[in-house]
Amino acid sequence: MTGGVAGAAANRYLAAMSEADPIAVPPHGRRLPKPDWIRVKAPTSAGYAETRKLMRRLNLATVCEEAACPNIGECWTRKHATVMILGDTCTRACAFCNVRTGMPRAVDPLEPEHVAVAAAELGLSHIVVTSVDRDDLPDGGAMQFVRVIEALRRTAPATTIEILTPDFRNKSQAAVERIVAARPDVYNHNLETVPRLYPTIRPGARYYASLRLLESVKRHDPTIFTKSGLMVGLGEQRLEVHQVMDDMRSADVDFLTMGQYLQPTPRHARVEDFVTPQAFKAYAAIARAKGFLLVAASPLTRSSYHAGDDFARLKAAREAGMAQR
Ligand code: SF4
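This is a predicted model, so every value here is computed, not measured. (Residues numbered from 1 in each chain as written. Predicted model: local features only at pLDDT ≥ 70, side-chain atom pairs only at ≥ 80, totals over all residues. Heavy atoms only, no water.)

S.K.: Can you walk me through empty space enclosed by the protein in this structure?
M.R.: Where empty space is left in the structure can be found by rolling a water-sized probe over the atoms. In this structure the tally under the stated criterion is one cavity of 30 Å³ or more. If you add up the space inside the largest cavity, you get close to 30 Å³. Arg 92, Asp 133, Arg 134, Asp 135, Gly 140, Pro 166, Asp 167, Phe 168, Arg 169 and Lys 171 together form the lining of the largest cavity. For the lining of the largest cavity, the per-class residue count stands at two nonpolar, one polar and seven charged. (1 Å grid on protein atoms, 1.4 Å probe; cavity = no way out; pocket = protein on both sides within 12 Å on 5 of 7 lines; lining within 4 Å. Points joined across faces, edges and corners; volume = space filled by probe spheres on them. Nonpolar A, V, L, I, M, F, W, Y, C, P; charged D, E, K, R; others polar.)

S.K.: Any chance you could explain the site of the ligand here in plain terms?
M.R.: Taken together, Val 63, Cys 64, Cys 69, Asn 71, Ile 72, Cys 75, Thr 82, Arg 302, Ser 304 and Tyr 305 form the complete shell of residues around the ligand. Elements with a contribution of two residues or more to the shell around the ligand: α3 (63-66) and α4 (72-77). (Near = heavy atom within 4 Å. Helix = DSSP H or I, 4+ residues; strand = E, 2+ residues; numbered from the N terminus.)

S.K.: Help me out: how do you make sense of the nonpolar core in this one?
M.R.: Across soluble globular proteins, you tend to see nonpolar side chains buried next to one another. Membership of the largest hydrophobic core comes to 48 residues, with the highest contact counts inside it found for Val 115, Ile 127, Val 129, Leu 152, Ile 179 and Tyr 187. For this core, the leading source of residues is helix α6 (residues 142-155), giving seven residues. (Core = buried A, V, L, I, M, F, W, Y, C linked by side-chain atoms within 4.5 Å. Buried < 20%, exposed > 50% of the residue type's maximum accessible area, 1.4 Å probe, protein only.)

S.K.: Just to check I follow, could you spell out the sheet that holds strand β10 (residues 294-297) for this structure?
M.R.: Spatially, eight strands are ordered β1-β2-β5-β6-β7-β8-β9-β10 in an open sheet, and the strand pairing comes out mixed. In this open sheet, the two edge strands, each paired with only one partner strand, are β1 (61-62) and β10. Looking at chain direction, strand β9 (residues 255-260) and β10 are connected through four bridges and run parallel. The partner of Thr 257 across the bridge, within β10, is Ala 296. Contacting β7 (186-188) and β8 (225-232), helix α9 (residues 207-220) crosses the sheet at an angle of about 160 degrees to β8. The strands touched by helix α10 (residues 238-250) within the sheet are β8 and β9, with β8 carrying the most contacts at an inclination of about 170 degrees. (Pairing = 2+ DSSP bridges. Contact = heavy atoms within 4.5 Å. Axes fitted to C-alpha atoms, helices over the stretch in contact; angles between N-to-C directions.)

S.K.: Sorry if this is basic, but what is going on with α6 here?
M.R.: Because each turn of an α-helix spans 3.6 residues, side chains separated by three or four positions end up pointing in the same direction. Here α6 is 14 residues long and its end C-alpha atoms lie 20 Å apart, about the 20 Å a rise of 1.5 Å per residue gives. Turning to α6, its buried residues number three or more, namely Ala 142, Gln 144, Phe 145, Val 146, Val 148, Ile 149, Ala 151 and Leu 152. Of the surrounding elements, those touching the buried residues of α6 are β2 (82-85), α5 (111-122), β5 (126-131), β6 (160-164) and α7 (172-181). (Expected span 1.5 Å × (residues − 1).)

S.K.: Please clarify how the pairing of β5 should be interpreted in this entry.
M.R.: Taken residue by residue, a regular strand's side chains alternate between the two faces of the sheet. Burial of β5 is extensive: six of the six residues sit out of reach of the surface. Taking every second residue as pointing to the same face, both faces of β5 are buried, with His 126, Val 128 and Thr 130 on one and Ile 127, Val 129 and Ser 131 on the other. Note that β2 and β5 share four bridges and pair parallel. Bridge pairing links Met 84 to Thr 130 in β5. Bridge analysis of β5 against β6 gives five bridges, and the strand direction is parallel. Paired with Val 129 across the bridge in β6 is Ile 163. Assessed by its sense of winding, the connection that carries the chain from β5 through α6 to β6 is right-handed. (Right-handed = clockwise from strand over helix to strand, strands pointing away.)

S.K.: So what exactly am I meant to see when it comes to the packing of aromatic side chains here?
M.R.: Between two aromatic rings, the relevant description is the distance of the centres plus the angle of the planes. Under the criterion given, the structure shown has five aromatic pairs. Between Phe 145 and Phe 168 the ring centres are 6.3 Å apart and the planes differ by 85 degrees, which places this aromatic pair in the edge-to-face class. Of the two residues, Phe 145 sits in helix α6 while Phe 168 sits in the loop between β6 and α7, which places them 23 residues apart along the sequence. The class for Phe 145 is buried, based on a relative accessible area of 1%. (Phe/Tyr/Trp six-rings, centres within 6.5 Å; stacked < 30°, edge-to-face > 60°.)

S.K.: Got a minute to help me understand the pattern of salt bridges in this structure?
M.R.: For side chains bearing opposite charge, pairing can occur when the charged atoms are close. Inspection of every chain in the model, using the stated rule, returns 23 salt bridges. Between Glu 50 and Lys 79 there is a salt bridge whose closest N-O contact spans 3.0 Å. Taken as a pair, Glu 50 in helix α2 (residues 46-57) and Lys 79 in the loop between α4 and β2 lie far apart in primary sequence, 29 residues in all. Given a relative accessible area of 45%, Glu 50 falls into the partly exposed group. According to the relative accessible area criterion, Lys 79 is partly exposed, its value standing at 24%. Close ionic contact of Glu 272 with Arg 270 constitutes a salt bridge, the shortest N to O distance being 3.3 Å. Since its relative accessible area comes to 27%, Arg 270 is described here as partly exposed. A single salt-bridge network, built from bridges that share partners, covers Arg 92, Asp 133, Asp 135, Asp 167 and Arg 169. (Salt bridge = Lys/Arg side-chain N within 4 Å of Asp/Glu carboxyl O.)

Pasting the structure below:
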């Protein structure tokens, strides 16, 4: 029997582990039909059309479109879009990602101002800014993140800022130092999948390098919330996912997001299983027991889904934790 706070957490963990966790066993050799809980409506609202028009006018790419996100109808109707800076062409070719691969164009010097204007015109209380990988740039694109944060602070000072960065391969320490000094409110970097699947799913990245990046954000500035996400349904095992949660907690990650991987085209990695909503609930219970400040886990959860509401929850959870000390 364990005692104290750690003991209570361990008991919650064991209780969550004992819940039913019905992850579908993948039938091999065929594409799985989408279950009912994955289906979403086609985007048709006036808000969706307005958001799209604004993005085109300001020449901004969005991950919502490039990643063929299933939530685009809901998010854009609410004028929530995740802007993708540093162009629309990525220097890597991850097996899960729909963003075009190739030699990117030169960095657009007007992009930071355009992002800021978009935030102001959409009236965003919270913005998520992400980017393609830019292994071709000496700083991996870190300074463009800094310029975007500075432009947002000038033009939309009430908007809180969440950045979702690449791993800045081989230059992450300098990149993190620069970006953290610009003080985004949330720093997100997704681990995406379990380490065993990196060679096939995320071949250009290294699991422990990504983990170190998250850890170094917190070490440089413990006041910045850190966040990371996992896709499930790629063939990972439940205990491997639990290990990733432990690794994230060792890096002091505050917020975990988990969602179902969806195959964007037949050329991309196959869906190995559709994780049931009940299994997501079980994962969420385990993650909470492991000590994350906030957990969002459901089939349609994406790193930026409901990010503004979640930021308010994150702040409240930290304040509640501080009040208990
Ligand atoms: S979940 Fe994120 S990427 Fe998907 S539509 Fe919403 S804001 Fe865009």
